Amino acid sequence: MAAVHTNDDALADERALMRQAREHLRAMRERTLSLNAQGGDRVSTEYLKASLHRRAKALEDDPGLPLFFGRIDRLRNHDDVPDDTSSPGATTLETFHIGRRHVMDDAGDPVVIDWRADVSRAFYQATRRDPHQLTLRRRFGFSAGELTSFEDEHLLDPAEPDTASRILTEEIERPRVGPMRDIVATIQPEQDDVVRLPLDRSVCVQGAPGTGKTAVGLHRAAYLLHTYRSRLARNGVLVIGPNRAFLHYIAQVLPTLGEVDVRQMTIAELVDGVPIRAESEPRAAAVKGDARMADVIRRAVWDHVGEPSEALLVPRGTRTWRVPAHEVRDAINSLRDRGDGYATGRALLPQRLAHRILLRMEASGDITDDRVQSAVARSQPTKQYVNALWPALDPVKLVMRLLSDADLLARAADGVLSPDEQKLVLWPRPARGPKSAPWSHADAVLVDEARGVVERSSGVGHVVLDEAQDLSPMELRAVGRRAAGASVTVLGDIAQGTTPWATPSWPEALSHLSQPDTHLEVLRKGYRVPASVVELAARLLPSIAPGIEPPEPVRSNRGLLSVVAAGHDDESAAVIREVTEREGSVGIIAADSMVDHLAALLDATGIAFGRLEDDAPLTLVPATLAKGLEFDHVVIIEPARIVAAEANGLRRLYVVLTRAVSSLTVVHAEPLPVELR
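Residues numbered from 1 in each chain as written. Predicted model: local features only at pLDDT ≥ 70, side-chain atom pairs only at ≥ 80, totals over all residues. Heavy atoms only, no water.

- Where an unreviewed UniProt entry is consulted, the chain appears under the name AAA family ATPase, with the organism given as Phytoactinopolyspora alkaliphila.

Below you can see the structure in the form of structure tokens.
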């Protein structure tokens, strides 16, 4: 590979093109803002205004980022273009600059090609064995949005040595400061394969720490929105993360790529239907999260449908029309078999019964039409009969009664939950009303399940679900209802499952999502976690996930690893102060119970720090919120306490150990867990 160029005419030309591209992007945005947002009515006008505002927002330039990061020169064969005037068999050279978004000039010709376009794929996939018709691939080094260097790879030159790209390596190993950034300049072939899977293909990505699975999921969302924009215009893409700190960390990736309309929420926000006032005890939460609770909820809902014992009598004119109980029973069974949901069946039953009366009226010679059927369906006798037989249900009140009434729960859970499990599910004391009930998150998931049985959930075009290994079967079902009829991108790592209900295998999790045919992709190459850290964390895998292999570090820098026995607070503070003097972000991670003590220690020693969502250079992180985050330098305080804090403590420690990008320092006074010694 050619050397990195930093100062020549070619670099000057590329910088000039960058300036032109920024001017063209500015012009594109100004044209969008100048458009007259006038629709046929007030609603259409407001919709058009909002659409133009989003378009203008997507065209905003970030001066800290280059508009393009790569270039490809490709041979074009004119045999493939029938109308081309060139002679048969001739080839010409096409040049494309690859960037985060499409930029065109005043004539509509492309200046920068969106990284998601088909032509851009060669930038990520080309090799000497399969050059994808490329003669050259150029990577650009940049700083503060300005091009600083470039590096050329001549894919058809057998004399050029096939060595690693220095610019690519430097970009991967660049210090992490602030929220997560996009990886469009460094997407690797195996990652690109996942990103560009078609919309109708669901994929589950098993990725060890540092393999870039979260970035792959976000870039897949951006790719789908670009490639299938018309199909996703109505329902869009939903990104679900484990907590708000994680979503804050990844929040700017999609806007940087020009996608500003993607919804991002936690699983708690997804099922936000009741006020959370309590936390279920772990054993109770495990039962409430078990897939068997879906059967309990379904029974509790459908058991409200009564058995008809009397005929429906509807007076009309001088006659009273009758639907026998057995015909009512047939109508009910038919509606239940449709699988449309409790509320839909209830709404259709009056029409079904009215239709049977209509048939009798026609048989007797009466003249009828749809208006007569609707009148019968809306008549007071029909409504009273249906309300008594198929009452309206409030999912919140239903679950409240189920968790408060031992007899009701026993009927719904008979043969499904054991008596001891039923006791765990019940609240300690009955609730007086939904607003004062001791709702927990596990209860909210049950309410969401009940709502799904009663009425259809509104779906989305595609769901990206991160850290999926930690979700309970009932939480997975809640996600699956939103993805019904759509595709999903499931991201996670079985070894990082830290909840008591963490999934033991991806096939089981995907079955709860109702996505059993999902393609499983395993990412093995670790681009973030250095080798020294991987080797330490891998000592835990035989105990926590025997079937999972550690990532294969590809970075040239093995990273720094230090284990420090520090018996006093002043020694711990000295270690932290030493680490903060290194370049990049620093995360101090400890058991949740130690965070307040460490905050006081840092304050007392004059070390400035921030909490999660503060975007501070030094961040104090509770161990339970570390998942998905990354820092250049990580200081772990007392690993033994992290392990002792929860049942899956070793898995939590595995997560914490693998947050470091450049260096890891382990500080302990208590003995290290035996697996690390």
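### Considering the overall build of the chain
Now for step 1: Along the chain, the regular secondary structure elements total 28 helices and 21 strands.
Now for step 2: Taken along the three principal axes of its C-alpha coordinates, the chain extends 100 × 80 × 45 Å.
Now for step 3: As presented, the chain carries roughly 30900 Å² of accessible surface, and 50% of it is formed by carbon and sulfur atoms.
Now for step 4: On the chain, the mean spot of the 82 positive side-chain charges and the mean spot of the 96 negative ones are 7 Å from each other. (Helix = DSSP H or I, 4+ residues; strand = E, 2+ residues; numbered from the N terminus. Areas by Shrake-Rupley, 256 points an atom, 1.4 Å probe, with all protein chains shown as cover. Lys, Arg positive; Asp, Glu negative; His and termini not counted. Charge placed at Lys NZ, Arg CZ, Asp CG, Glu CD.)

### What about the UniProt feature "binding site: ATP" (unreviewed entry) in the chain?
Now for step 1: Feature annotation in UniProt assigns "binding site: ATP" (unreviewed entry) to the following positions: Gly 207, Ala 208, Pro 209, Gly 210, Thr 211, Gly 212, Lys 213 and Thr 214.
Now for step 2: The residue Ala 208 is located in the loop between β7 (203-207) and α6 (213-227) in this model.
Now for step 3: For Ala 208, a relative accessible area of 4% gives the class buried.
Now for step 4: Not counting residues within four places of it along the chain, the set of residues in contact with Ala 208 comprises Lys 213, Asp 493, Leu 523, Glu 549 and Pro 551.
Now for step 5: Mapped onto the secondary structure, Gly 212 falls in the loop between β7 and α6. (UniProt positions renumbered as here; feature names shortened; annotations may be inferred. Buried < 20%, exposed > 50% of the residue type's maximum accessible area, 1.4 Å probe, protein only. Contact = heavy atoms within 4.5 Å.)

### Observations regarding the UniProt feature "domain: UvrD-like helicase ATP-binding" (unreviewed entry) in the chain
Now for step 1: According to UniProt, the positions carrying the feature "domain: UvrD-like helicase ATP-binding" (unreviewed entry) are residues 186-530.
Now for step 2: From the first C-alpha to the last, residues 186-530 spans 17 Å; its make-up is 49% helix and 12% strand.

### Structural notes on a nonpolar patch on the surface
Now for step 1: Taken together, the side chains of Leu 75, Leu 93 and Leu 156 make up a nonpolar region of the molecular surface, amounting to roughly 260 Å² of accessible area.
Now for step 2: Within the fold, Leu 75 resides in strand β1 (residues 68-77). (Patch = residues over 30% accessible without salt bridge, like charges linked within 9 Å, V, L, I, M, F, W, Y side chains within 5 Å. Salt bridge = Lys/Arg side-chain N within 4 Å of Asp/Glu carboxyl O.)

### Remarks on unusual backbone geometry
Phi is mostly negative for residues that are not glycine, and the peptide bonds are mostly trans.
Now for step 1: Of note in this structure, Gln 133 is not a glycine but carries a positive phi near 65 degrees.
Now for step 2: Its location among the elements puts Gln 133 in the loop between α3 (121-125) and β5 (134-143).
Now for step 3: Phi at Ser 514 is positive, roughly 60 degrees, even though this residue is not glycine.
Now for step 4: Mapped onto the elements of the fold, Ser 514 is located in the loop between α22 (506-512) and β14 (519-523).
Now for step 5: According to the relative accessible area criterion, Ser 514 is exposed, its value standing at 57%.

### With respect to the environment of Tyr 249
Now for step 1: The residue Tyr 249 is located in helix α8 (residues 244-250) in this model.
Now for step 2: Look at Tyr 249 and you get buried, because its relative accessible area is 9%.
Now for step 3: With sequence-adjacent residues up to four places away left out, Tyr 249 is seen in contact with Gly 178, Pro 179, Met 180, Gly 628, Leu 629 and Glu 630.

### Comments concerning the domain arrangement of the chain
Now for step 1: Domains assigned within the chain are domain 1 (7-173), domain 2 (200-273 + 393-525), domain 3 (305-389) and domain 4 (531-676).
Now for step 2: Between the C-alpha centres of domain 1 and domain 4 there is a distance of 40 Å. (Domains from an automatic or database assignment.)

### Focus on the environment of Thr 135
Now for step 1: Secondary-structure assignment places Thr 135 in strand β5.
Now for step 2: In contact with Thr 135, other than residues within four places in its own chain, are Asp 73, Leu 75, Leu 93, Glu 153, His 154, Leu 155 and Leu 156.

### Some remarks on the sheet that holds strand β18 (residues 586-590)
Now for step 1: Pairing is parallel across the open sheet formed by five strands, whose spatial order is β17-β21-β20-β18-β19. Only two strands of the sheet have a single partner each, and these edge strands are β17 (560-565) and β19 (618-622). Between one strand axis and the next, the sheet turns through 20 degrees on average, direction left out of account.
Now for step 2: Sheet topology places β17 next to strand β21 (residues 660-668); six bridges connect them, and they run parallel. (Pairing = 2+ DSSP bridges. Axes fitted to C-alpha atoms, helices over the stretch in contact; angles between N-to-C directions.)

### Section: the environment of Gln 384
Now for step 1: On the secondary structure map, Gln 384 appears in helix α16 (residues 380-389).
Now for step 2: Sequence separation of Gln 384 and Leu 136 is 248 residues, and the distance between their C-alpha atoms is 77 Å.

### Some thoughts on the pattern of salt bridges
Now for step 1: Counting across every chain of the model gives 48 salt bridges.
Now for step 2: Between Asp 290 and Arg 292 there is a salt bridge, with the nearest N and O atoms lying 3.1 Å from each other.
Now for step 3: Residue Asp 290 is classed as partly exposed on the basis of its relative accessible area, which comes to 26%.
Now for step 4: With a shortest N-O distance of 3.1 Å, Arg 371 and Asp 369 are connected by a salt bridge.

### Digging into the side chain of Ser 585
Now for step 1: Along the polypeptide, Ser 585 turns up in the loop between α25 (569-580) and β18.
Now for step 2: A polar side-chain atom of Ser 585 sits 3.1 Å from the main-chain amide nitrogen of Asp 632. (Polar contact = N/O pair within 3.5 Å; in protein donor to acceptor, adjacent residues only side chain to side chain.)

### Considerations on the packing of aromatic side chains
Now for step 1: Counted by the stated rule, this structure contains seven aromatic pairs.
Now for step 2: The interplanar angle of 85 degrees and the centroid separation of 5.2 Å between the aromatic rings of Phe 123 and Tyr 124 together place this pair among those described as edge-to-face. Taken individually, Phe 123 and Tyr 124 each receive the classification buried, so the pair is uniform in this respect.
Now for step 3: Ring geometry for Trp 427 versus Trp 439: centroids 5.1 Å apart, planes at 85 degrees, classification edge-to-face. Residue Trp 427 is found in the loop between α19 (419-425) and α20 (441-454), and its partner Trp 439 is found in the loop between α19 and α20; the two are separated by twelve residues along the sequence.
Now for step 4: Exposure remark for Trp 439: the relative accessible area of 0% places this residue in the buried category.
Now for step 5: Feature note: the residues Phe 69, Phe 123 and Tyr 124 constitute an aromatic cluster, connected by ring pairs.
Now for step 6: Above the ring of Phe 150, the side-chain terminus of Arg 138 is found at 4.0 Å from the ring centroid. (Phe/Tyr/Trp six-rings, centres within 6.5 Å; stacked < 30°, edge-to-face > 60°. Lys NZ or Arg CZ within 6 Å of the ring centre and 35° of its normal.)

### Observations concerning α16
Now for step 1: Of all the residues in α16, the buried ones are Thr 382, Tyr 385, Val 386 and Leu 389. Here the buried residues of α16 occupy an arc of 95 degrees about the axis, which is enough to place them on one side.
Now for step 2: Those residues of α16 hidden inside the fold are in contact with β10 (312-316), α13 (325-338), α14 (342-363) and α15 (370-378). (Arc of directions from axis to C-beta.)

### Examining the sheet that holds strand β8 (residues 237-241)
Now for step 1: An order of β9-β8-β12-β13-β7-β14 is seen for the six strands of this open sheet, with the pairing classed as parallel. Either end of the sheet is taken by a strand with one partner, and the two such strands are β9 (263-266) and β14. Averaged over all neighbouring strand pairs, the angle between strand axes comes to 15 degrees, with direction disregarded.
Now for step 2: Inspection of the sheet shows β7 paired to β14 by five bridges, in the parallel sense. Counterpart to Gly 207 in the pairing with β14 is Leu 523.
Now for step 3: Here α6 sits on the sheet in contact with β7, β8, β12 (462-465), β13 (487-492) and β14, set at roughly 165 degrees to β13.

### Some remarks on the pairing of β19
Now for step 1: Across the five residues that make up β19, a large majority, five, are buried.
Now for step 2: Bridging between β18 and β19 involves five bridges; their strand directions are parallel. Paired with Ala 590 across the strands is Pro 622, a residue of β19.
Now for step 3: Regarding topology, helix α26 (residues 595-604) serves as the crossover connection from β18 to the parallel β19, and that connection is right-handed. (Right-handed = clockwise from strand over helix to strand, strands pointing away.)

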